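Residue strings, one per chain:
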Amino acid sequence: MFRIFAMAALALIAAQPAIAADLTVTDAYARSGNPNTGAAFMTVVNAGDTPDRLVEARSDVARKTELHTHVISDGIARMRPVDAIEIPAGGEARLERGGDHVMFIGLHEPLPPGATFPVELVFESGRSLTVELTVEGPGGGMGHGGAATE
Ligand SMILES: [Cu+2]
C-alpha cells in the first residue's frame, strides 16, 4: 500500500516539467508606422515537450492590445485578430512582419524609435512572460533581413 502511494507521488513530480513548459522570447522589437497603431515582433521558443499557445498580450501603451495575423485576400495582405498563436513543443513561433504579430491599437502616445516599453504575454498553460520591447525606426532596422543587406 505504501509502495502504491509512493509511485503516485513520483508520477506527480514527473508530470511537473511538462506543465511548466520552458518558454523564452528572443528578438523582440516593436514598430510603429503612424501615431495610432504599432506592432510587436519576436520569436517564442518552447524548449518543453508540450505545445503551448499564446492567448493574450497586455500593454499599457494602447487602448487595445491584440494578437493578429495576416491573410491574403484579393492579392492584398490584410490583418485580422486571432484567438491564439500556436507554440509547438520543442519548436518556436515566429512573430514577424507579414505574419503573426502583437498589435497595439489606439496608442496613448506615439512610439518614437528607441523608446522601450513592456508587453506581457499570457499563455494557455497559465504562464506569462513580460518582454521589454525597443521601438525600431521605419525601414532598415535589425529585422531578419538586416544582416543579408550589409
Ligand atoms: Cu495587426
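Numbers given to residues run from 1 along each chain, matching the order in which its sequence is written. Confidence filtering applies because this is a predicted model: local features only for residues at pLDDT of at least 70, side-chain atom pairs given and counted only at 80 or more, and all residues used for totals across whole chains, interfaces and linings.

Visitor: I tried to follow the pairing of strand β5 (residues 76-81) on my own but got confused; where do I start?
Guide: Here exposure depends only on C-beta density: within 10 Å of a residue's C-beta, 20 or more other C-beta atoms make it buried, 12 or fewer make it exposed, and intermediate numbers make it partly exposed, the C-beta atoms being placed from the backbone. In this description a helix means any DSSP run of H or I spanning at least four residues, a strand means any run of E spanning at least two, and both kinds are numbered starting from the N terminus. The element β5 is largely exposed, with a buried count of zero among its six residues. Only strands that DSSP links by at least two bridges are regarded as paired with each other. Here strand β4 (residues 62-73) pairs with β5 via six bridges, running antiparallel. Bridge pairing links H68 to P81 in β5. The turn linking β4 back onto β5 is made up of two residues, and D74 within it adopts a positive phi angle of 55°.

Visitor: Could you clarify how one ought to interpret unusual backbone geometry in this entry?
Guide: Most peptide bonds are trans, and most residues other than glycine sit at a negative phi. The residue D27 is not glycine, and still its phi comes out positive at about 55°. Position of D27 among the secondary structure elements: in strand β1 (residues 23-31). Here the phi dihedral of D74 falls at roughly 55°; this positive angle occurs in a residue that is not glycine. Among the secondary structure elements, D74 is positioned in the loop between β4 and β5. When the 5 C-beta atoms within 10 Å are taken as the criterion, D74 is described as exposed.

Visitor: Is there a simple way to explain the pairing of strand β9 (residues 116-123) in this structure?
Guide: Moving residue by residue along a regular strand, the side chains alternate between the two faces of the sheet. Relative to β9, strand β3 (residues 52-58) runs antiparallel, the two sharing four bridges. Within β9, the residue paired with L54 across the bridge is F123. Both β9 and strand β10 (residues 128-136) contribute to a ladder of seven bridges, which runs antiparallel. Opposite V119, over in β10, you have V131 as the bridge partner. Taking the residues between adjacent antiparallel strands as the criterion, β9 and β10 are bridged by four residues, where G126 takes a positive phi near 100°.

Visitor: Is there a simple way to explain the environment of G98 in this structure?
Guide: If you trace the backbone, G98 turns up in the loop between β7 (92-95) and β8 (101-107). Measuring from C-alpha to C-alpha, the distance between G98 and A77 comes to 7.6 Å, with 21 residues separating the pair along the chain. With sequence-adjacent residues up to four places away left out, G98 is seen in contact with H70 and A77. Contact criterion: two residues are in contact if their C-beta atoms, reconstructed from the backbone, are within 7 Å.

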